Amino acid sequence: MQFVEGTHAGSTAPLARRRLQMVVCLAGLALTLSGCRLDMHVQPKYLPDWPSKFFSDGRSDRPPVPGTVAREDLRIDELMYSGTENGVLSNRFPFPITRADLERGRERYNIYCSPCHDYAGTGRGMIVQRGFPQPPSYMLPRLRQAPVGHFYQVMTNGIGAMYSYSARVSPADRWRIAAYIRVLQMSQNATVQDVPAPERERLQQASTGQTPGQAQ
Amino acid sequence: MAQIFHRSSNMIARLSIAGAVILLGALTVILYEIALSPWYTNERVTLQQPVPFSHRHHAGELGIDCRYCHTAVEKSWYAGVPPTQTCMTCHSQIWTNADMLEPVRQSYRTGVSLQWNKLNELPEFVYFNHSIHVAKGIGCTTCHGPIATEPMTYKTGTLYMSWCLECHRDPAKFVRPESEVFNPFYAQPTYGAPVTFEGVKYTDQATLGSVLVKKYQLQTYQYCSTCHR
């Protein structure tokens, strides 16, 4: 576009006015269009859980090819990954259990197991109260005598109405939960003599009668 | 020659300048209000979902921990919606005849995913990470609102850049003890309802916040490359 009119003699006011008009119009257009701009808002990439039009099952998360071993996922330690030693259920932990492990075990237990097994392990959790089949109490002699490997296997494979937790709880955390179940079993059958002397005094002062797991 | 314009047109010209300024101002305010309104941000708007899943029921009344379903939230950038197997750990046994749950059972039988509609969504040029927030004492309900009271899930917060920065400039206003991050009923301390942290009772967020910021060594990240990388 050329502003030929502006060149004739006299005032340059008409030219200036036209320029102003142009700028205002362009600014208005720019403002309107910028509302529709979506470059970079939607990028041609997949993030976890996103659907895909390419794969026939509609998922962008692909299942690994059978036999794939992910990094850090080589499972040759029999005890760690199957709870057995030479094919027999083991009563040993694959790593030493510290206080931090027990605390992690309690936290994981309260998240994943307490809805059914309840905080003390007696099997009367909230979901059971709403009609889920009642699991056995951990205090049963059978389960008190069961090797820890059994608990590991129940979490890994599921049992009866209880589904497997292997997708949600890592192998190391399963061992920590097993250790915490041992704590629950002991706590339900403990006498005052099992408490170390300095703690015993505090216990008698408090004497609330609660089991450690019940504090929510 | 008679004047083309009457004297009063001077007044009209002045008024119209003032009018234009006021109009522009009003337009700006209106646009700003629209940008912050639920109509535009989708705050407090519920979406049609394949199954009418209720957080009030599951997380509120039944007291199921967020991590039972949103397993990845502590260790990765995304929280993720649960796979069908997670629903079936309970619904293989309870409410097995409810029509409402037929899509879940069908998905379990056929292996075809349930497609949940996403409520909280950032533009893809923004980098966000759940795990760092959860690990540094920012609770789910600080960003996601009173989710354990919602029969149908909705979004709270605009998720605009200013929303992120309001907290990044001063996390002391929002931080809570790490043990309370997953508690959907946590409330900031008040005089009537103090919060205990490491044996000390706090009655206001200002004091608790400054203690926690020191304890967790919270940074105030405002570099553009924190979120645009």
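Just so it is clear, the structure is predicted and the values come from calculations on it, not from any experiment.

A. Inspection of the overall build of chain B at higher detail. Secondary structure assignment for chain B yields 11 helices and two strands. Its helices and strands taken in sequence order, chain B reads α-α-α-α-α-α-α-α-α-β-β-α-α from the N to the C terminus. The C-alpha atoms of chain B give a radius of gyration of 25 Å, which is well past the 17 Å a tight globule of 229 residues would have. A principal-axis box enclosing the C-alpha atoms of chain B has dimensions of 100 × 50 × 40 Å. Taking all contacts inside chain B whose residues are at least 6 apart in sequence as the whole, residues at least 24 apart take part in 65%. Total accessible area on chain B is roughly 14,500 Å²; 62% of this is exposed by carbon and sulfur atoms. Taken as two groups, the 18 positive and 16 negative side-chain charges of chain B have centres that lie 7 Å from each other.

B. Just helix α9 (residues 161-169) of chain B, in detail. Residue and element names in this part refer to chain B. Among the residues of α9, those classed as buried are L165, C167 and H168. For α9, the buried positions fall inside an angular range of 165° around the axis, keeping them on one side. Seen from the open side of α9, the exposed residues pointing more than 90 degrees away from its buried face are S162 and R169. Taken together, the buried residues of α9 touch α7 (130-135).

C. Geometry of helix α8 (residues 171-188) of chain A. Across its 18 residues, α8 of chain A extends 26 Å between first and last C-alpha, which sits within 8% of the 26 Å expected from 1.5 Å per residue. In terms of burial, α8 of chain A is largely enclosed, as 14 of its 18 residues are buried.

D. How the structure looks around the side chain of R105 of chain B. All names here are of chain B. The topology assignment puts R105 in helix α6 (residues 102-110). Exposure remark for R105: the relative accessible area of 15% places this residue in the buried category. When residues no more than four places from it in sequence are discounted, the contact partners of R105 are M88, W95, T96, N97 and A98.

E. Quick look at the nonpolar core. Y109, Y112, I127, Y138, F151 and I177 of chain A together with Y68 of chain B are the most contacted members of the largest nonpolar core, which has 26 residues in total. Those elements that place two or more of their residues in this core are α3 (99-112), α5 (126-129), α7 (148-157) and α8 of chain A. Considering each element in turn, this core owes the most residues, five residues, to α8 of chain A. When neighbours within four sequence positions are excluded, Y68 of chain B is seen to be in contact with I111, Y112, P115, Y165 and R168 of chain A together with T86, T89 and C90 of chain B.

F. How the structure looks around the interface of chain A and chain B. Taken together, the contact pairs 28 residues of chain A with 29 residues of chain B. Taking both sides of the interface into account, the surface hidden between chain A and chain B amounts to around 2,700 Å²; carbon and sulfur atoms contribute 56%. Three residues, I111, Y163 and R168 of chain A, lead the burial of chain A against chain B; their summed loss comes to 25% of the area buried on that side. For the interface between chain A and chain B, the tally reads two salt bridges.

G. Inspection of the confidence of the model for chain A at higher detail. Residue and element names in this part refer to chain A. Of the residues in chain A, 78% have a pLDDT of 70 or more, and the chain-wide mean is 83. Per-element averaging of pLDDT across chain A places helix α1 (residues 13-34) at the bottom with 61 and α3 at the top with 97. Every residue in residues 1-13 is under pLDDT 50, and counting partners more than four places away or in other chains gives three contacts. Confidence drops under pLDDT 50 across residues 212-216; counting only partners more than four residues distant or on other chains, this segment forms six contacts.

H. The arrangement of the packing of α7 of chain A against α8 of chain A in detail. Residues and elements named next belong to chain A. Relative orientation of the contacting elements α7 and α8 amounts to 125°, with a least axis distance of 9 Å. In terms of orientation, α7 and α8 fall into the oblique class. Read as a crossing pair, α7 and α8 show a hand that is right-handed. Counting all contacts with α7, which are made through V148, G149, F151, Y152, M155 and T156, the residues of α8 involved are P171, R174, W175, I177, A178, I181, R182 and Q185. In the contact of α7 with α8, the residues fall into nine nonpolar, three polar and two charged.

I. Quick look at the pattern of salt bridges. For the structure shown, the criterion picks out 19 salt bridges over all chains. Here E85 of chain A and R92 of chain A are joined by a salt bridge, their closest N and O atoms 2.7 Å apart. It is possible to trace a salt-bridge network through shared partners that takes in D101, R104, E107, R108, D173 and R176 of chain A together with D65, R67 and E74 of chain B.

J. Focus on the packing of aromatic side chains. Scanning the model with the defined rule gives 12 aromatic pairs over all chains in all. Here Y152 of chain A and W175 of chain A contribute two aromatic rings whose centre-to-centre distance is 4.7 Å and whose plane-to-plane angle is 15°, an arrangement assigned as stacked. Of the two residues, Y152 of chain A is situated in helix α7 and W175 of chain A in helix α8; the sequence distance between them amounts to 23 residues. The two residues Y152 of chain A and W175 of chain A agree in class, both being buried. These aromatic residues form a ring-pair network of at least three members: Y109, Y138, F151 and Y180 of chain A. Of note, R62 of chain A hangs over the ring of F55 of chain A, and the distance from its end group to the ring centre comes to 3.9 Å. In this structure, R67 of chain B packs its charged tip against the face of F182 of chain B, placed 3.6 Å from the ring centre.

K. Up close: the side chain of S107 of chain B. Residue and element names in this part refer to chain B. Structurally, S107 is set in helix α6. A relative accessible area of 6% places S107 in the buried class. Once residues within four sequence positions are removed from consideration, S107 is found in contact with T84, V112, S113 and L114.

L. Summary view of a nonpolar patch on the surface. All names here are of chain B. On the surface, L24, L27, I30, L31, I34, W39 and Y40 cluster together into a nonpolar patch covering about 810 Å² of accessible area. Put simply, the parts of the chain that give the nonpolar patch at least two residues each are α1 (8-36) and α2 (38-41). In terms of residue count, α1 provides more of the nonpolar patch than any other element does, five residues in total. Tracing the backbone through its elements, the reader meets L31 in helix α1.

M. How the structure looks around the environment of D77 of chain A. All names here are of chain A. The residue D77 is located in the loop between α1 and α2 (78-82) in this model. Looking at D77, the relative accessible area reads 38%, which means it is partly exposed. On a C-alpha basis, the gap between D77 and P94 in space is 8.8 Å, while along the polypeptide they are 17 residues apart. At 3.3 Å, the side chain of D77 forms a polar contact with the backbone nitrogen of L79. A polar atom in the side chain of D77 sits 3.3 Å from the backbone nitrogen of M80.

Calculation criteria
Residues numbered from 1 in each chain as written. Chains lettered and ligands numbered in written order. Predicted model: local features only at pLDDT ≥ 70, side-chain atom pairs only at ≥ 80, totals over all residues. Heavy atoms only, no water. Helix = DSSP H or I, 4+ residues; strand = E, 2+ residues; numbered from the N terminus. Rg over C-alpha atoms; globule rule 2.2 N^0.38 Å. Contact = heavy atoms within 4.5 Å. Areas by Shrake-Rupley, 256 points an atom, 1.4 Å probe, with all protein chains shown as cover. Lys, Arg positive; Asp, Glu negative; His and termini not counted. Charge placed at Lys NZ, Arg CZ, Asp CG, Glu CD. Buried < 20%, exposed > 50% of the residue type's maximum accessible area, 1.4 Å probe, protein only. Arc of directions from axis to C-beta. Expected span 1.5 Å × (residues − 1). Core = buried A, V, L, I, M, F, W, Y, C linked by side-chain atoms within 4.5 Å. Buried area = accessible area lost by both parts, 1.4 Å probe. Salt bridge = Lys/Arg side-chain N within 4 Å of Asp/Glu carboxyl O. pLDDT = per-residue confidence, 0-100. Axes fitted to C-alpha atoms, helices over the stretch in contact; angles between N-to-C directions. Parallel < 35°, antiparallel > 145°, perpendicular 65-115°, else oblique. Left-handed = near helix turned anticlockwise from the far one by under 90°. Nonpolar A, V, L, I, M, F, W, Y, C, P; charged D, E, K, R; others polar. Phe/Tyr/Trp six-rings, centres within 6.5 Å; stacked < 30°, edge-to-face > 60°. Lys NZ or Arg CZ within 6 Å of the ring centre and 35° of its normal. Patch = residues over 30% accessible without salt bridge, like charges linked within 9 Å, V, L, I, M, F, W, Y side chains within 5 Å. Polar contact = N/O pair within 3.5 Å; in protein donor to acceptor, adjacent residues only side chain to side chain.

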